[in-house]
Amino acid sequence: MQTFMIPGTVFMSLLAGALFGVFKGVALVVFAATAGASSCYFLSKLIGRPLIFFLWPDKLAFFQAQVAQRRERLLNYMLFLRLTPTLPNTFINVASPIVDVPYHIFFLATFIGLIPAAYITVRAGIALGELQSVGDLYDFNSIATLFLIGVLSVTPTLLRKSES
C-alpha cells in the first residue's frame, strides 16, 4: 500500500495493534512502512521524474532548495519532515530520489520518523478494543512515551547546536 500510495495504511496499523500488541505491532508497522516507502523511493528513481515534475513542480522546487540548503544536516531535516506534517509523506517518498536525497539518509529518517505515528496508531488499535471513554486514551504511560520519543528525536539537533 505504501509503495503505490494507496490510502488506508492507518487501518492496517490499527489492526496490527489489536492483533499483535504494542511492541510487535510497532515493529511490524515501522518495518512494513519503511519497506514500502523504500520501494516507492526506488520506483520513483526509475520512472518517477516526469510524473513529479508534472504533478508538483512548485513543491519540488521548494523541496530541492531546502535539501540543497541543508545538505550538511540532511538527516535532521528529513527527520523533521517525517515527524511533522510540513510535506506529505507521499511527496517525500516520491520526490526524495529526484532531489538527490541519499538512500541511507532517506531510510534512517523514515525508519526513525515513523515510530511516533506507528506507536500512536498501534496504541489506538489496542485501545479501540478496550475503550470505555475518551479519557482512557490519555493515560500517563502514553503521554510519557510520546514525550520521550519527542526528546529523543530532537536530541541530535540540540547536540549539533551545542557543538557549534
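Residues numbered from 1 in each chain as written. Predicted model: local features only at pLDDT ≥ 70, side-chain atom pairs only at ≥ 80, totals over all residues. Heavy atoms only, no water.

## Thoughts on the overall build of the chain
Right, so step 1: Helix and strand counts for the chain stand at 8 helices and 0 strands.
Right, so step 2: Start at the N end of the chain and walk to the C end: the helices and strands fall as α-α-α-α-α-α-α-α.
Right, so step 3: Its C-alpha radius of gyration of 17 Å places the chain within 12% of the 15 Å reference for a compact globule of 164 residues.
Right, so step 4: Referenced to the eigenvectors of the C-alpha coordinate spread, the extents of the chain come out at roughly 50 × 40 × 25 Å.
Right, so step 5: Counting all 164 residues of the chain, 34% fall into the buried class.
Right, so step 6: Counting only contacts in the chain whose residues sit at least 6 apart along the sequence, the fraction spanning at least 24 positions is 75%.
Right, so step 7: For the chain, the exposed surface amounts to about 10,000 Å²; the carbon and sulfur share of it is 70%.
Right, so step 8: The distance from the centre of the 11 positive side-chain charges to the centre of the 7 negative ones in the chain is 9 Å. (Helix = DSSP H or I, 4+ residues; strand = E, 2+ residues; numbered from the N terminus. Rg over C-alpha atoms; globule rule 2.2 N^0.38 Å. Buried < 20%, exposed > 50% of the residue type's maximum accessible area, 1.4 Å probe, protein only. Contact = heavy atoms within 4.5 Å. Areas by Shrake-Rupley, 256 points an atom, 1.4 Å probe, with all protein chains shown as cover. Lys, Arg positive; Asp, Glu negative; His and termini not counted. Charge placed at Lys NZ, Arg CZ, Asp CG, Glu CD.)

## A short note on the packing of aromatic side chains
Given two aromatic rings, their pairing is described by the distance between the two centres and the angle made by the two planes.
Right, so step 1: What the rule picks out here adds up to 9 aromatic pairs.
Right, so step 2: Measuring from centroid to centroid gives 5.4 Å for Tyr41 and Tyr103, while their planes differ by 55°, and the two rings are tilted. One end of the pair, Tyr41, is in helix H1 (residues 9–47); the other, Tyr103, is in helix H6 (residues 103–113), and 62 residues separate them in sequence.
Right, so step 3: According to the relative accessible area criterion, Tyr41 is buried, its value standing at 2%.
Right, so step 4: On the basis of relative accessible area, Tyr103 is assigned to the partly exposed category, the value being 29%.
Right, so step 5: Centroid distance Phe42 to Tyr103: 4.7 Å. Interplanar angle 40°. Geometry classified as tilted. (Phe/Tyr/Trp six-rings, centres within 6.5 Å; stacked < 30°, edge-to-face > 60°.)

## Here we look at helix H8 (residues 140–163)
Right, so step 1: Helix length check: H8, at 24 residues, gives a terminal C-alpha distance of 34 Å against a target of 34 Å (1.5 Å per residue), a fit within 8%.
Right, so step 2: Three or more residues of H8 are buried, namely Ser142, Ile149 and Ser153.
Right, so step 3: Check the buried side of H8 and you find it contacts helix H4 (74–83) and helix H7 (115–130). (Expected span 1.5 Å × (residues − 1).)

## What to know about the UniProt feature "transmembrane region" (unreviewed entry) in the chain
Right, so step 1: According to UniProt, the positions carrying the feature "transmembrane region" (unreviewed entry) are residues 105–126 and 138–159.
Right, so step 2: Structurally, residues 105–126 comprises 95% helix and 0% strand, and the distance from its first C-alpha atom to its last is 32 Å. (UniProt positions renumbered as here; feature names shortened; annotations may be inferred.)

## Remarks on the packing of H4 against H6
Right, so step 1: Look at H4 against H6: their axes get within 9 Å of each other, and the N-to-C directions meet at 40°. The angle between H4 and H6 falls in the class oblique. The handedness of the crossing between H4 and H6 is right-handed. Two secondary-structure elements touch here, H4 through Leu74, Leu75, Met78, Leu79, Arg82 and Leu83 and H6 through Ile105, Phe106, Leu108, Ala109, Thr110, Ile112 and Gly113.
Right, so step 2: Taken together, the residues of the contact of H4 with H6 break down into 10 nonpolar, 2 polar and 1 charged. (Axes fitted to C-alpha atoms, helices over the stretch in contact; angles between N-to-C directions. Parallel < 35°, antiparallel > 145°, perpendicular 65-115°, else oblique. Left-handed = near helix turned anticlockwise from the far one by under 90°. Nonpolar A, V, L, I, M, F, W, Y, C, P; charged D, E, K, R; others polar.)

## Quick look at the side chain of Asn93
Right, so step 1: Following the sequence through the fold, Asn93 ends up in helix H5 (residues 89–95).
Right, so step 2: Residue Asn93 is classed as buried on the basis of its relative accessible area, which comes to 2%.
Right, so step 3: Of note is the side chain of Asn93, whose polar atom sits 2.6 Å from the side chain of Arg82. (Polar contact = N/O pair within 3.5 Å; in protein donor to acceptor, adjacent residues only side chain to side chain.)

## Brief notes about H1
Right, so step 1: Between its terminal C-alpha atoms H1 stretches only 24 Å, short of the 57 Å expected from 39 residues at 1.5 Å a residue.
Right, so step 2: Helix geometry: H1 is bent most strongly at Gly21, by close to 130°. (Bend = angle between axes of the 7 residues up to and from the residue.)

## Some thoughts on unusual backbone geometry
Trans is the prevailing form of peptide bonds, just as negative phi is the prevailing case for residues other than glycine.
Right, so step 1: Even without a glycine there, the phi angle at Asp100 is positive, about 65°.
Right, so step 2: Within the secondary structure layout, Asp100 lies in the loop between H5 and H6.
Right, so step 3: For Asp100, a relative accessible area of 52% translates into the label exposed.

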